Amino acid sequence: MSASLIFACGARSLLVALFALLVAVLMRSRPASERAAFIRVAILATLAAPLLALLPSLPVLPAAAIAAPALSAGAAAIASPGVLIAMYLAVSATLVLRLTLGVGRLAHWTRRASELTSSPWRLPRGASAAGARAVRLLVSPDVRAPLSWGWPRAVILVDADTAQRVQDARAVLEHELAHVRRRDWLFLVVGRVAVAACWFNPFLWLLVHMNEAAAEEAADQEACRAVDARDYAQSLINCARRQSWAPANAMGASLLSARVRAVLKGGASGKSAATQARTAPGIIFGCVTLLMSLNVAPAPAHEGPRVAAEHLSAADNATISGELQQARAERQAAAQALQRSSTAILAGDTRGARVAREQAMAAEGRALAAEGRAMAIQGRADRRARANSID
């Protein structure tokens, strides 16, 4: 496996995740269930994007536009395929280990928990019929706020303080059962696995964060069908505690102020799980169509000079070369930022890793912009050539 192939697969994943992220931002006024459904498919599409290299592709860019960035002799040794693969596996293994330890912590908390049997905390009779079958309701001395985890048999863990507040029982149960019905924990884990597989992709990290936030908002909207919005907002505030790191759907740990405002403003404005199931095929079809449209590959290397010689003026050719050089330089900066991010992850520096990912995202955006400008110039030259041939 060459370094060019590694960079090409990474660039394909970045393009799909960036486009999906932009669509997700444009969908922010849509119901949370629709946004969550789109983002889930987008995460899977980002994982599958590099595999589409095996499919027939449409050549749209000169090979120089998306080739691996030019590196110095020392950097080339660091970016050799063996070193890149070793670094990739080390960071992926670290993230998988963190996820595994988190699931193990949840299992340990569940073993130490006891059944919650007081009457206000009984599961609704319709829970099984609504898709929340085989749910265990437990009180745990280890959790700081109510949470749910597990698939296909789900567990709802309630902290001791919340268990004493019987006025919050219905809101907590409706919220966590909504997570169970929507299979949010399953897709939470899929998102964490996707990040471990494509940790170099800063846009995927943002998509996963948006997925978890949309899942909480969708669960809020479903719960508000059974609980008064003002009472539910008060229960959210009562449960506002940060949960220890664990891969679970915690009721009070995510964007609390925004969720309270959304509940008071919209109440049960979201779609139910059944409606989401009906709209999901259309969303999936759109995502697949989008993913296939992004299946682009570099044009053969000889086509770039031929087009330049026939259609481009000397000034246009110089401008395109400058834009492509800038794109390569920005991609090199992005690669270096991702290397700093991986080093920070291995060192446990979460803030440093986040800053490095943001720098990589900005550099990748500048590289895409430079390539876009180069494509625009070449497109104008092609149109002029076609017009001259017709004349």
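Here the structure is a predicted model, which means the values were calculated and not measured.

What counts as what
Residues numbered from 1 in each chain as written. Predicted model: local features only at pLDDT ≥ 70, side-chain atom pairs only at ≥ 80, totals over all residues. Heavy atoms only, no water. Helix = DSSP H or I, 4+ residues; strand = E, 2+ residues; numbered from the N terminus. Buried < 20%, exposed > 50% of the residue type's maximum accessible area, 1.4 Å probe, protein only. Contact = heavy atoms within 4.5 Å. Areas by Shrake-Rupley, 256 points an atom, 1.4 Å probe, with all protein chains shown as cover. Axes fitted to C-alpha atoms, helices over the stretch in contact; angles between N-to-C directions. Parallel < 35°, antiparallel > 145°, perpendicular 65-115°, else oblique. Nonpolar A, V, L, I, M, F, W, Y, C, P; charged D, E, K, R; others polar. Core = buried A, V, L, I, M, F, W, Y, C linked by side-chain atoms within 4.5 Å. pLDDT = per-residue confidence, 0-100. 1 Å grid on protein atoms, 1.4 Å probe; cavity = no way out; pocket = protein on both sides within 12 Å on 5 of 7 lines; lining within 4 Å. Points joined across faces, edges and corners; volume = space filled by probe spheres on them. Polar contact = N/O pair within 3.5 Å; in protein donor to acceptor, adjacent residues only side chain to side chain. Pairing = 2+ DSSP bridges. Salt bridge = Lys/Arg side-chain N within 4 Å of Asp/Glu carboxyl O. Phe/Tyr/Trp six-rings, centres within 6.5 Å; stacked < 30°, edge-to-face > 60°. Expected span 1.5 Å × (residues − 1).

**Focus: the overall build of the protein**
Along the protein, the regular secondary structure elements total 15 helices and seven strands. The buried share among the 391 residues of the protein stands at 45%. Within the protein, contacts between residues at least 6 apart in sequence are counted, and of these 78% link residues at least 24 apart. Of the roughly 19000 Å² of accessible surface on the protein, 61% is carried by carbon and sulfur atoms.

**Details of the packing of helix α8 (residues 184–197) against helix α9 (residues 202–223)**
Between α8 and α9, the shortest axis-to-axis distance is 10 Å and the interhelical angle comes to 170°. Viewed along their axes, α8 and α9 adopt a mutual orientation that is roughly antiparallel. Residues Asp184, Phe187, Leu188, Gly191, Arg192, Ala194 and Val195 of α8 form the contact with α9, whose participating residues are Leu204, Trp205, Val208, Asn211, Glu212 and Ala215. A per-class count over the contact of α8 with α9 returns eight nonpolar, two polar and three charged.

**Observations regarding the nonpolar core**
Ranked by internal contacts, the top residues of the largest apolar core, which has 27 residues, are Phe38, Ile39, Ile43, Leu95, Phe203, Leu204 and Leu207. Elements with a contribution of two residues or more to this core: α1 (3–26), α2 (32–48), α5 (81–112), α8, α9, α14 (314–347) and α15 (350–390). Of the residues forming this core, the biggest block, six residues, is contributed by α1. If we ignore the near neighbours within four places in the chain, the residues touching Leu204 are Ala17, Ile43, Thr46, Ala194, Val195 and Cys198.

**What about the confidence of the model for the protein?**
Mean pLDDT over the protein stands at 75; residues scoring 70 or higher make up 70%. Confidence drops under pLDDT 50 across residues 272–278; counting only partners more than four residues distant or on other chains, this segment forms seven contacts. Under a pLDDT of 50 for its full length, residues 295–309 has, in the predicted model, 30 contacts with residues more than four places off or in other chains.

**So, empty space enclosed by the protein**
Counted according to the given criterion, the structure contains one cavity of 30 Å³ or more. Size it by volume and the largest cavity reaches roughly 40 Å³. Lining the largest cavity, in full, are Arg40, Asp184, Phe187, Leu188, Asn211, Glu212, Ala215 and Asn249. Breaking the lining of the largest cavity down by element, the ones donating at least two residues are α8 and α9.

**Some points on the side chain of Thr162**
Relative to the assigned elements, Thr162 resides in helix α6 (residues 160–164). A distance of 2.7 Å separates a polar atom in the side chain of Thr162 from a polar atom in the side chain of Asp159.

**With respect to the side chain of Ser92**
As for its placement among the helices and strands, Ser92 is situated in helix α5. On the basis of relative accessibility, which here comes to 10%, the residue Ser92 falls in the buried class. Not counting chain neighbours up to four residues away, the residues in contact with Ser92 comprise Ala196, Ala197 and Trp199.

**Topic: the sheet that holds strand β4 (residues 147–149)**
Pairing is mixed across the open sheet formed by five strands, whose spatial order is β2-β3-β5-β4-β6. Every other strand in the sheet has two partners, leaving β2 (114–115) and β6 (249–250) as the edge strands with one partner each. Note that strand β3 (residues 136–140) and strand β5 (residues 155–159) share five bridges and pair parallel. Across the sheet, the residue bridging to Leu138 is Leu157, located in β5.

**Some thoughts on the pattern of salt bridges**
Applying the stated criterion to the full structure yields 11 salt bridges. When the shortest N-O distance is used, the salt bridge between Asp184 and Arg40 registers 2.2 Å. Of this pair, Asp184 sits in helix α8 while Arg40 sits in helix α2; the two residues are 144 residues apart in sequence, bridging distant segments of the chain. Given a relative accessible area of 2%, Asp184 falls into the buried group. The buried category is assigned to Arg40, whose relative accessible area is 8%. Between Glu330 and Arg366 there is a salt bridge, with the nearest N and O atoms lying 3.1 Å from each other. Residue Glu330 is located in helix α14, and its partner Arg366 is located in helix α15; the two are separated by 36 residues in the primary sequence. A relative accessible area of 14% means that Glu330 is categorised as buried.

**Structural notes on unusual backbone geometry**
Going from Trp151 to Pro152, the amide bond is cis rather than trans, its omega being 5°. If you trace the backbone, Pro152 turns up in the loop between β4 and β5. One non-glycine residue, Arg183, lies in the positive phi region at around 55°.

**Considering the packing of aromatic side chains**
Summed over all chains, the structure comprises four aromatic pairs. Seen in terms of ring centroids, Trp199 and Phe200 are 6.2 Å apart; in terms of plane orientation they differ by 75°. Their pairing is edge-to-face. Just as Trp199 is buried, Phe200 falls in that class too. Through a chain of ring-to-ring contacts, three or more aromatic side chains come together here, namely Tyr88, Trp199 and Phe200.

**A word on α8**
Between its first and last C-alpha atoms α8 spans 20 Å; for 14 residues at 1.5 Å apiece the expected length is 20 Å, and the two agree. Listed in full, the buried residues belonging to α8 are Asp184, Trp185, Leu188, Val189, Gly191, Ala194, Val195 and Ala196.

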